[in-house]
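Coordinates in review
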Amino acid sequence: MTAVVAMLTYRRPEDLRVAVPAFLAATAHDGAELLVVDNDPDASARAWVEACTGPRVRYVHEPRPGIAAGRNRALDECPDADLLVFVDDDERPEPGWWDALTACHRASGATGVVGAVVSEFVREPEPWVTAGRFFARRRLPTGTVVDVAATNNLLLDVAAVRRLGVRFDERFGLSGGSDTLFTRDLVRRGGRLVWCDEAVVVDRVPADRMTPGWVLRRARRSGNSASRAELVLARDAGERAAVRARYLARGALRVVGGAVRVAAGVLRRDPVLRLVGRRTVERGRGMVTGALGHVVVEYARTTGGPDAGADPEPARTAGADGGAATFTAPDQLRAAPERTRR
């Protein structure tokens, strides 16, 4: 069995310095190759990655902007591999991650195996972060069949993916959501995704994400990309109309339900409940705007230096005419009182 672990990166040198040796060590006994796909037009990661000793690290430069272009480049770079595993450059594998992931694939024969991601904060989070579980991620029993996955801990059977003819849609490159569309399309074409709860990677949450503004922007983008992905998957005009109507209704219900929570939070003087409600409202707004053909651009590029993150700017909403208007959200929220720290 030949395997490639693909790590996409964009101006995160400090993360790479930890992630590369960690994933190399985790896969050493199987000899998996670590492929670093640098999506920075300036190829800022080249010198450091190419200086890594050993034959198991390979660097490629993908200058086309957008995470979808980087993911497709990873697919193109492993034509002879049996397995391709996507991870992020700000993650670290837990002990047993690789063995659990590959064993689950052997046992299930699935097209893809989805591993668990656990958030770890770079500093002690404020009480509202943990009280609202804003960075909690799903955990499922191993073997559970799922119909959608992210690419932050995803094993793919390369031959099956090529047979099904699935690629990442580069129209989603700067908005995010190309992994949602990819995995949904994979399942629709007959692929099968299973969950492996023992294959754990740790995602390091930086301080600049531990803000209400980031939580709300991510919620809006997630709703937006979900509805857009379903529209792309629709087979004809009739199905697209049905998808659009469904997401308009679902989004509106979320907006109303979230507004009720916000009101309840105001009455109870509970800032966490207010933020939970606002997050629900923003996800609903994202669904509605996506259904109407608007795009929330999460990974807007900047001209920052080599230490700039992959998604440093606020999300932007682009209309069908190509125009864009910045979506901003308040970042001010008092710490939750003791009674709300549930």
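Just so you know, these numbers come straight off a predicted model, no measurement behind them.

Notes on the pattern of salt bridges
Enumeration over the complete set of coordinates arrives at 26 salt bridges. A salt bridge links E77 to R73; the nearest nitrogen and oxygen atoms lie 2.8 Å apart. With its nearest N and O atoms 2.9 Å apart, the salt bridge here joins R204 to E120. Of this pair, R204 sits in strand β9 (residues 193–205) while E120 sits in strand β6 (residues 112–121), and the two are 84 residues apart along the sequence. Taking the relative accessible area as the measure of exposure, R204 reaches 29% and is therefore partly exposed. Overall, the relative accessible area of 36% leaves E120 in the partly exposed class. Beyond isolated ion pairs, a larger network of salt bridges with shared partners links E33, R58, E62, R64, R73, E77 and E170.

Side note on the nonpolar core
Formed by 32 residues in total, the largest nonpolar core has its most connected members in M7, V85 and W97. Of all the secondary structure elements, the ones that give two or more residues to this core are β1 (3–9), α1 (13–26), β2 (33–38), β3 (57–61), β4 (83–88), α4 (97–108), β6 and β9. Those residues in contact with V85 that lie beyond four places of it in its chain are V4, V5, A6, W97, W98, L101, L154 and L155. Formed by 29 residues, the second largest nonpolar core is a distinct cluster that contains L8, C78, F86 and V146.

Here's the deal with the confidence of the model for the protein chain
Mean pLDDT over the protein chain works out to 87, with 87% of the residues at or above the 70 mark. Considering only residues more than four positions removed or in separate chains, one finds that residues 303–342, a stretch of pLDDT under 50, has 105 contacts.

Some details on unusual backbone geometry
The backbone phi angle of R11 is positive, close to 55°, even though this residue is not glycine. With respect to the secondary-structure elements, R11 resides in the loop between β1 and α1. Phi at A43 is positive, roughly 50°, even though this residue is not glycine. The residue A43 is located in the loop between β2 and α2 (46–50) in this model.

Focus: the packing of aromatic side chains
Aromatic rings considered in pairs are described by the distance between their centres and by the relative angle of their planes. Tallying each qualifying case throughout the model produces seven aromatic pairs. Between the aromatic rings of F168 and F182, the centroid separation amounts to 4.0 Å while the plane-to-plane angle is 10°, which identifies the pairing as stacked. Residue F168 is found in the loop between α6 (158–164) and α7 (178–188), and its partner F182 is found in helix α7; the two are separated by 14 residues along the sequence. The side chain of R228 reaches across the aromatic face of F172, ending 4.0 Å from its centre. Lying over the aromatic face of Y247, R250 brings its terminal NZ or CZ to 4.9 Å of the ring centre.

Some details on the pairing of β3
Within β3, four of the five residues are buried, which leaves it mostly tucked inside the rest of the structure. Bridging between β2 and β3 involves five bridges; their strand directions are parallel. Residue pairing in the sheet places V37 in a bridge with V60 of β3.

Describing α4
With twelve residues, α4 ought to run about 16 Å at 1.5 Å a step, and its terminal C-alpha atoms sit 17 Å apart, in line with that. Among the residues of α4, W97, W98, A100, L101, T102, C104 and H105 are the ones counted as buried. G109, located one to two residues past α4, shows a positive phi value of around 65°.

Brief notes about the pairing of β4
Most of β4 sits inside the fold, with five of its six residues counted as buried. With five bridges connecting them, β4 and strand β8 (residues 153–157) associate as antiparallel partners. Following the sheet pairing, V87 is matched in β8 by N153.

The rules behind each value
Residues numbered from 1 in each chain as written. Predicted model: local features only at pLDDT ≥ 70, side-chain atom pairs only at ≥ 80, totals over all residues. Heavy atoms only, no water. Salt bridge = Lys/Arg side-chain N within 4 Å of Asp/Glu carboxyl O. Helix = DSSP H or I, 4+ residues; strand = E, 2+ residues; numbered from the N terminus. Buried < 20%, exposed > 50% of the residue type's maximum accessible area, 1.4 Å probe, protein only. Core = buried A, V, L, I, M, F, W, Y, C linked by side-chain atoms within 4.5 Å. Contact = heavy atoms within 4.5 Å. pLDDT = per-residue confidence, 0-100. Phe/Tyr/Trp six-rings, centres within 6.5 Å; stacked < 30°, edge-to-face > 60°. Lys NZ or Arg CZ within 6 Å of the ring centre and 35° of its normal. Pairing = 2+ DSSP bridges. Expected span 1.5 Å × (residues − 1).

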